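Architecture and fold: a report
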Amino acid sequence: MAQLRDDCFAGGEAVLGVEEAAARVAAGVLPLPGEERVALRAARGRVLARNLIAGQHLPPFFNSAVDGYAFAHADLRPDGAWLRLAGRAVAGQAAPALARGQALRVMTGAPMPVGADTVIMQEDAALDGGTLRLPPGLPRGANCRPAGEDVARGAIALPKGRRLGPAEIGLAAALGLAGLSVTPRPRVGVFSTGNELVSPGRTLGGARIFDSNRFALLALLDGLPVEAVDLGILRDRPGELAGAIAAAAASHDLLITSGGVSVGEEDHTRAAIEAAGSLAFWRLAIKPGKAAAMGVVGGTPVLGLPGNPVAAIVTFLHLARPLILRLAGAAPAPLPRFPAVADFAHRKKPGRREYLRVSLVPGGTVPLARKEARDGAGLLSSLTRADAFAELAEDRESVEPGEAVTVLPFAALL
């Protein structure tokens, strides 16, 4: 389990900028110790625990990159050449040696014959019986793959901290590895707070609503290298909240809550975090999502996200995501951002970062960002109609149609 000092994020009551909050997370949290070996089929999404050193060249031998004919470039004169065909080479079999003045039929992936250093593609070659006509101008080494062209023996094929996706797993397999050493997955507990909440599938009664945040946050965790644990719903009872948080902290590396972190009379989560441990900060200069608390309980970081669903997702991306990657030992991974052109006008307050839901429409060299008409922090359906967040920096006060904006695409985030 993560063991942090209660004051590791100390910063008082000031409203924090997004970058400052992220910097405190990076400074206050250390990766979990240890590693484990997993099979390649179980490695997707995990974090590499140590540099992967190539134990062999990739490709392991000099081979043909195309179907064609192998020959010695020294036989190619300024006006071309006529060479005698001397057999064929296919993938998985050793190629016969080649004498000067000869060419060999080769298939893609076949080892190059000793004496050959160049391949002409079959569609560029001309045959006359058993003789190959080579046109002039083909460069030495054309259409060949030298041993170690992709990765040389002894080189770092993948660095420590890399999150493993299909490409990384394929590379490990190509190097002959059946498994990889990965870091432990942080155990992350998620619960919602609120007397009004009911889990989906149960019957609503009175002024109750179904709990959506817990399931959205658990779905976000599915895309990260964690063991996510559903801790259900906690009621708005201060003493019970503090006790439940303290108990859960003992068996988790991170706790994430939603709701109860603002200044209302029934917002008890922030006070419960402080009662059970210590509070680091609870306000961010961001919209939506200003009321977001972070603290430490029993050495475990605790994030209290807003109750409004869009605000909970925005703050998760800026607080929970980097904290989790840090715990998992992953290399820093900034949120993906791309340029777009605004197809809307908007005014904002300076001094805080703002996120607008936008649809992306192809146009010109960059897409047009079209603002969602309804943008309340509680309107979860607006996320299903949008493609991205438009990010407006702290010092920006307005956006006009045709101006450049930065967008964070949902496809790479959610």
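In the block above lies the structure referred to throughout.
So, here's what we can say about the structure. (Residues numbered from 1 in each chain as written. Predicted model: local features only at pLDDT ≥ 70, side-chain atom pairs only at ≥ 80, totals over all residues. Heavy atoms only, no water.)

1. Considerations on the pattern of salt bridges
For the coordinates displayed, the defined rule picks out 20 salt bridges. Asp-375 serves as the salt-bridge partner of Lys-371, at 3.2 Å between the closest nitrogen and oxygen. Taking the relative accessible area as the measure of exposure, Lys-371 reaches 24% and is therefore partly exposed. Residue Asp-375 is classed as partly exposed on the basis of its relative accessible area of 34%. Look at the salt bridges and you will find they share partners, linking Glu-19, Arg-337, Arg-353, Glu-391 and Glu-394 into a network. (Salt bridge = Lys/Arg side-chain N within 4 Å of Asp/Glu carboxyl O. Buried < 20%, exposed > 50% of the residue type's maximum accessible area, 1.4 Å probe, protein only.)

2. Re the environment of Arg-347
Along the chain, Arg-347 falls in strand S23 (residues 346-347). For Arg-347, a relative accessible area of 55% corresponds to the exposed category. Beyond its immediate sequence surroundings of up to four residues, Arg-347 is in contact with Glu-397, Ser-398, Val-399 and Glu-400. (Helix = DSSP H or I, 4+ residues; strand = E, 2+ residues; numbered from the N terminus. Contact = heavy atoms within 4.5 Å.)

3. Comments concerning the sheet that holds strand S18 (residues 278-283)
With respect to topology, 6 strands assemble into an open sheet ordered S16-S13-S17-S21-S20-S18, the strand pairing being mixed. Strand pairing shows two members of the sheet lacking a second neighbour, strand S16 (227-234) and S18, which therefore form its edges. Neighbouring strand axes in the sheet, compared pairwise and without regard to direction, differ in orientation by 15° on average. Pairing analysis gives 4 bridges linking S18 to strand S20 (residues 291-297), with the strands arranged antiparallel. Opposite Ser-278, over in S20, you have Val-296 as the bridge partner. (Pairing = 2+ DSSP bridges. Axes fitted to C-alpha atoms, helices over the stretch in contact; angles between N-to-C directions.)

4. Quick look at the packing of helix H3 (residues 213-221) against helix H6 (residues 309-327)
Packed helix pairs are specified by the crossing angle of their axes together with the interaxial distance, meaning the distance between the axes. At a minimum axis distance of 11 Å, the contact between H3 and H6 shows a crossing angle of 35°. With respect to the hand of their crossing, H3 and H6 are arranged in right-handed fashion. Contacts from Asn-213, Leu-217, Leu-220 and Leu-221 in H3 reach Pro-309, Ala-312, Ile-313, Phe-316 and Ile-324 in H6. (Left-handed = near helix turned anticlockwise from the far one by under 90°.)

5. Observations regarding the packing of aromatic side chains
For the structure shown, the criterion picks out 2 aromatic pairs. Aromatic side chains Tyr-355 and Phe-389 sit 6.1 Å apart centroid to centroid with 75° between the ring planes, which places their arrangement in the edge-to-face category. With Tyr-355 in strand S24 (residues 353-361) and Phe-389 in strand S26 (residues 388-392), this residue pair connects regions lying 34 residues apart in the sequence. Classification of Tyr-355 by relative accessible area gives buried; the value is 3%. The class of Phe-389 is buried, set by a relative accessible area of 1%. In this structure an aromatic cluster arises from ring pairing among Tyr-355, Phe-389 and Phe-410. (Phe/Tyr/Trp six-rings, centres within 6.5 Å; stacked < 30°, edge-to-face > 60°.)

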